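Descriptive analysis of the structure
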Amino acid sequence: MTSTDATTDQLTFCDPVHRFPAIRPPVQDQPEPGLDAELIPASDRGEHTYRGTGRLEGRHALITGADSGIGAAVAIAFAREGADVAMSYLPAEEEDAQHIAGVIREAGRRAILIPVDLADPAARTQLVARAVEELGALDALVNNAGKQIAVERFEDLSDEQWLETYDVNITAMARIVRDALPHLAPGSTIVNTTSIQAYSPSPHLVDYASTKAAINNFTKGLAQQLAPRGIRVNAVAPGPIWTPLQVSDGQPKEALPEFGTSTPLGRAGQPTELAPAYVFLTSAESSYVVGATIAVTGGSPTP
Ligand code: NAD
Ligand code: MG
């Protein structure tokens, strides 16, 4: 999907209600983790709609879950803003990852592909090491990978799902930060993806939503610890964004056609609409922004 006029980009003055169509996705199902390549309708990750302005010139970024959805939009934006990008994703997402790597390379930046299951502790330890080795440095970390499986009845939420959701969403995040810290010089940034679910949990997302609340709290505590070292930690809280997460059991199937329509803007967000918040928090222009969570929710209120 692209915006109605292909000559527009994220800096073009527009009515946010109509910047993207209000989609009515058909009921559909993909096995976890889901592919952007098979999402109906396709999402906008900024291939034709994000214009770089030199805000991350010469930076070295590691973005988890950069193959699809929000992470892919952030990867495209970072590359167009001048950063080289290491992308982590699951091996099953190679098709999406190759597409985004191509867009990064078209922007004249390096794309490093690192397929790794963050639920596998042994494999996970290789992630930061490989990113640093291949990028030559690391000064921007975006912890964006996440697992979301809707379960209607709490009795049906298995111990296995509970532990894996916590492992991927918050425990892996903490371990990646620990691995990254020896490499992060003053000026470096960490941006974590939390969610509107941190404040307004859906009844069928009890495990997921509570990890997102933990990510907010983790962000604010860690930010205070790392600020004196010149490392800024912040978060972004998306509202309903049209991504493969939603069609791989992230939502009850029957809820998909209405996805995002209850926001004040009346439509789901597109992944590229998240990218400017991550760019801002990673760029030096946000030098006094520490421990903040930027809400990108289409108007749904957050504290
Ligand atoms: P997405 O499916 O495109 O991205 C999630 C990514 O997480 C996957 O591409 C995958 O690479 C990664 N991932 C999942 N399990 C993994 C594992 N075991 N090991 C390694 N990587 C793994 O969906 P998205 O919506 O762009 O999600 C990105 C982030 O945004 C997630 O943290 C999600 O919780 C958050 N978020 C999404 C929404 C939304 O409405 N889409 C709203 C709020 C927050
Ligand atoms: Mg994906």
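Structure: above.
All figures in this text were calculated on a predicted structure; none of them were measured in a lab.

1. Some thoughts on the overall build of the protein chain
Within the protein chain, the secondary structure is distributed over seven helices and seven strands. Its C-alpha radius of gyration of 18 Å places the protein chain within 12% of the 19 Å reference for a compact globule of 303 residues. Overall size of the protein chain, expressed as C-alpha extent along the three principal axes, is 50 × 45 × 35 Å. Taking as baseline every contact in the protein chain between residues at least 6 positions apart, the subset at least 24 positions apart corresponds to 77%. Accessible surface, the protein chain as shown: approximately 12,300 Å² in total, 55% of it carbon and sulfur. Within the protein chain, one finds 22 positive and 37 negative side-chain charges whose respective centroids are separated by 8 Å.

2. Thoughts on the sheet that holds strand 4 (residues 140-143)
An order of 3-2-1-4-5-6-7 is seen for the seven strands of this open sheet, with the pairing classed as parallel. Edge positions in the open sheet fall to strand 3 (111-115) and strand 7 (293-296), since each of these has one partner strand only. The sheet shows a mean angle of 15° between the axes of neighbouring strands, taken without regard to direction. Pairing of strand 4 with strand 5 (residues 189-193) involves four bridges; the strand directions are parallel.

3. A closer look at the coordination of the magnesium ion (ligand 2)
Around a metal, the perfect tetrahedron of four donors has angles of 109.5 degrees, and the perfect octahedron of six donors has angles of 90 or 180 degrees. Surrounding the magnesium ion (ligand 2) are the protein donor atoms Asp-67 (OD), Ser-68 (OG) and Glu-93 (OE), at 2.0 to 2.2 Å. The sequence pattern formed by the donor residues of the magnesium ion (ligand 2) is D-S-x24-E. Judged by relative accessible area, Ser-68 falls into the buried class, the value being 12%.

4. A closer look at the pattern of salt bridges
Pairing between side chains of opposite charge can happen when the charged atoms of each approach one another. With the rule as written, the count across this model stands at 17 salt bridges. Across the pair Arg-45 and Asp-36 runs a salt bridge, and its minimum N-O distance is 3.5 Å. Accessibility classification places Arg-45 together with Asp-36 in one group, the buried group. The partner of Arg-55 in a salt bridge is Glu-285, with the nearest N and O atoms 2.5 Å apart. Taken together, the residues Arg-55 in the segment before strand 1 (60-64) and Glu-285 in the loop between helix 7 (275-282) and strand 7 connect sequence positions 230 residues apart. The class of Arg-55 is partly exposed, set by a relative accessible area of 30%. Linked by salt bridges that have partners in common, Glu-57, Asp-84, Arg-109 and Arg-110 make up one network.

5. Considering the site of ligand 1
Residues in contact with ligand 1 amount to 30 residues; listed here are only the nearest, Ser-68, Glu-93, Asn-144, Tyr-208 and Thr-243. The contact in question runs from a nitrogen atom of ligand 1 to an N or O atom on the side chain of Asp-117, over 2.9 Å. Here Leu-118 contributes a backbone N or O atom positioned 2.8 Å from a nitrogen atom of ligand 1. When ligand 1 sits alone it has 800 Å² of accessible area, and the protein chains cover 97% of it. Those elements that place two or more of their residues in the shell around ligand 1 are helix 1 (69-80), helix 5 (206-226) and helix 6 (244-250). Broken down by element, the shell around ligand 1 gets its largest block of residues, three residues, from helix 6.

6. Side note on unusual backbone geometry
Both trends apply: most residues other than glycine have a negative phi, and most peptide bonds are in trans. For the bond from Glu-32 to Pro-33, the omega torsion is 5°, close enough to zero to count as cis. Among the secondary structure elements, Pro-33 is positioned in the segment before strand 1. Pro-41 follows Ile-40 through a cis peptide bond whose omega is -10°. Along the polypeptide, Pro-41 turns up in the segment before strand 1. The phi torsion at Asp-249 lies on the positive side, around 75°, for a residue other than glycine.

7. Things to note about the packing of aromatic side chains
Throughout the structure, instances matching the rule amount to two aromatic pairs. Each ring, one from Trp-162 and one from Tyr-166, has its centre 5.0 Å from the other, and the planes form 20°; the classification is stacked. Linking Trp-162 with Tyr-166, this pair stays in helix 4 (residues 159-180), spanning four residues, or about one helical turn. What makes Trp-162 partly exposed here is its relative accessible area of 28%. Look at Trp-242 and Phe-259: their rings are 5.9 Å apart centre to centre, the planes differ by 50°, and that puts the pair in the tilted class. Here Trp-242 is found in the loop between strand 6 (232-238) and helix 6, whereas its partner Phe-259 is found in the loop between helix 6 and helix 7, with 17 residues between them in sequence.

8. Side note on the nonpolar core
Ranked by size, the top nonpolar core spans 36 residues in total, and within it Ile-63, Phe-78, Met-87, Ile-104, Val-236 and Tyr-278 carry the most contacts. Elements supplying a minimum of two residues to this core: strand 1, helix 1, strand 2 (84-89), helix 2 (94-106), strand 3, strand 4 and helix 7. Ranked by the residues each element gives to this core, the list is headed by helix 1, at eight residues. Once residues within four sequence positions are removed from consideration, Tyr-278 is found in contact with Ile-70, Val-74, Phe-78, Val-142, Asn-144, Val-191, Thr-193, Val-236 and Pro-238. Judged by nonpolar contacts, the second largest core, of 30 residues, contains Val-132, Leu-141, Val-177 and Leu-181.

Rules used throughout
- Residues numbered from 1 in each chain as written.
- Chains lettered and ligands numbered in written order.
- Predicted model: local features only at pLDDT ≥ 70, side-chain atom pairs only at ≥ 80, totals over all residues.
- Heavy atoms only, no water.
- Helix = DSSP H or I, 4+ residues; strand = E, 2+ residues; numbered from the N terminus.
- Rg over C-alpha atoms; globule rule 2.2 N^0.38 Å.
- Contact = heavy atoms within 4.5 Å.
- Areas by Shrake-Rupley, 256 points an atom, 1.4 Å probe, with all protein chains shown as cover.
- Lys, Arg positive; Asp, Glu negative; His and termini not counted.
- Charge placed at Lys NZ, Arg CZ, Asp CG, Glu CD.
- Pairing = 2+ DSSP bridges.
- Axes fitted to C-alpha atoms, helices over the stretch in contact; angles between N-to-C directions.
- Donors = N, O, S within 2.8 Å, 3.2 Å for Na, K, Ca; no water.
- Buried < 20%, exposed > 50% of the residue type's maximum accessible area, 1.4 Å probe, protein only.
- Salt bridge = Lys/Arg side-chain N within 4 Å of Asp/Glu carboxyl O.
- Near = heavy atom within 4 Å.
- Polar contact = N/O pair within 3.5 Å; in protein donor to acceptor, adjacent residues only side chain to side chain.
- Phe/Tyr/Trp six-rings, centres within 6.5 Å; stacked < 30°, edge-to-face > 60°.
- Core = buried A, V, L, I, M, F, W, Y, C linked by side-chain atoms within 4.5 Å.

Nothing here speaks to function; it is all geometry.
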